[in-house]
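The chain contents come next:
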Amino acid sequence: MTEDDPKTLVSTDWLAKHLRDPDLRVLDASWYLPAQNRDAKAEYDAAHIPGARFFDIDEISDQRSSLPHMAPPPEKFISRMRAMGVGDGHQVVVYDGSGIFSAARVWWTFRLMGKTDVAVLDGGFPKWQAEGREIEDMPPVIRDRHMTVSRQNQLVKDVTQVAHAAKLGEAEILDARAAARFRGEAPEPRAGLRSGHIPGAKNVPFGDVLNPDGTMKSSAALKAVFEAAGVDLKKPAITSCGSGVTAAVLSLALERIGHRNHALYDGSWAEWGMYDDLRVATGP
């Protein structure tokens with residue numbers, strides 16, 4: 001059973017109960033890796049939770065960067081959210097078509113912008129559909145809503161800050177990629193990247209914090225996962241992955257267990273793996 005918390009994670013029961021609340025906004029933040037051959041926008045157009053708006057992670061990003069879907073500048077975030085009818089005073093619920101995958105990235109993006117009334121739907125669209133709940137294919141009716149943001153710089157780290165933290169060992173760097181990629185035994189899906197991990201990082205594959213049905217594990221089970229990976233939960237944490245999407249699943253898990261001192265490495269391996277002057281470790 002999900003412990004409902006509108007600032008982190010809510011159950012399908014909670015969402016069904018609040019779906020018609022005037023100040024609730026639902027976002028479909030589905031995003032897939034190229035190898036998955038799924039078209040998130042086409043799937044949204046065909047079926048989504050009633051009233052949901054589509055949040056395009058690749059478009060609502062900093063397109064001045066050569067790195068994939070980096071956090072958007074505040075003014076771009078504001079303009080896109082206003083166009084979607086999302087603004088101040090709204091409770092936002094984000095879901096995706098995998099269970100919990102890309103929705104956590106959008107949860108983190110809202111937090112980065114100083115918005116805390118935002119939760120991920122536990123189990124996402126697959127669970128909602130499996131329970132036979134209401135879906136529609138209609139675009140939502142949009143009413144413009146003013147939005148103010150206050151960027152929380154402490155929630156994001158750049159390559160220099162991560163290199164510094166790795167060298168001094170002052171934070172736990174948590175890598176959400178699969179174990180074979182972390183160890184450098186499997187090739188990276190993006191061309192031109194070295195294989196391995198940031199020296200000193202601990203591997204917590206994002207799937208380890210989820211149940212088989214795509215819901216997030218209980219707080220006690222989450223703590224056990226981090227501890228089994230050798231993570232010191234008393235230290236600040238920096239989450240990382242391939243391109244900053246599944247790292248946010250770990251950020252959400254940390255928030256669920258009351259670990260507040262965490263930041264996300266936005267460039268993640270897409271950046272670190274590209275620069276030959278940054279050290280890379282392999283093996284466990």
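Residues numbered from 1 in each chain as written. Predicted model: local features only at pLDDT ≥ 70, side-chain atom pairs only at ≥ 80, totals over all residues. Heavy atoms only, no water.

**A few points about the overall build of the protein**
Across its full length, the protein holds ten helices and ten strands. A compact globule built from 284 residues should have a C-alpha radius of gyration of about 19 Å, and the protein, at 18 Å, falls within 12% of that. Projected onto its principal axes, the C-alpha coordinates of the protein cover approximately 50 × 40 × 35 Å. Sequence separation of 24 or more characterises 77% of the internal contacts of the protein that already satisfy a separation of 6 or more. Carbon and sulfur atoms make up 52% of the accessible area of the protein, which amounts to about 12,300 Å² in all. Computed over 34 positive and 39 negative side-chain charges, the inter-centroid distance for the protein is 3 Å. (Helix = DSSP H or I, 4+ residues; strand = E, 2+ residues; numbered from the N terminus. Rg over C-alpha atoms; globule rule 2.2 N^0.38 Å. Contact = heavy atoms within 4.5 Å. Areas by Shrake-Rupley, 256 points an atom, 1.4 Å probe, with all protein chains shown as cover. Lys, Arg positive; Asp, Glu negative; His and termini not counted. Charge placed at Lys NZ, Arg CZ, Asp CG, Glu CD.)

**Side note on the pattern of salt bridges**
Considering all chains together, one arrives at 23 salt bridges under this definition. Of the charged contacts, one joins aspartate 266 and arginine 105 as a salt bridge, the two residues approaching to 2.9 Å between their closest N and O atoms. Here the residue aspartate 266 occupies a position in the loop between strand S10 (262-265) and helix H10 (268-272), and arginine 105 occupies one in helix H4 (residues 103-112), the gap between them amounting to 161 residues. An identical accessibility class is assigned to aspartate 266 and arginine 105; each is buried. Close ionic contact of glutamate 255 with arginine 260 constitutes a salt bridge, the shortest N to O distance being 3.2 Å. Judged by relative accessible area, glutamate 255 falls into the buried class, the value being 9%. Residue arginine 260 is classed as exposed on the basis of its relative accessible area of 54%. (Salt bridge = Lys/Arg side-chain N within 4 Å of Asp/Glu carboxyl O. Buried < 20%, exposed > 50% of the residue type's maximum accessible area, 1.4 Å probe, protein only.)

**Structural notes on the sheet that holds strand S2 (residues 24-28)**
The parallel open sheet is built from five strands, whose spatial order is S1-S5-S4-S2-S3. Looking at the sheet topology across the chains shown, the edges are occupied by strand S1 (9-10) and strand S3 (53-54). Of the pairings in the sheet, the one linking S2 to strand S4 (residues 91-95) comprises five bridges and is parallel in character. Among the inter-strand pairings, valine 26 is bridged to a residue of S4, identified as valine 93. Seen against the sheet, H4 touches S2, S4 and strand S5 (118-121) and runs at an angle of roughly 175° to S5. (Pairing = 2+ DSSP bridges. Axes fitted to C-alpha atoms, helices over the stretch in contact; angles between N-to-C directions.)

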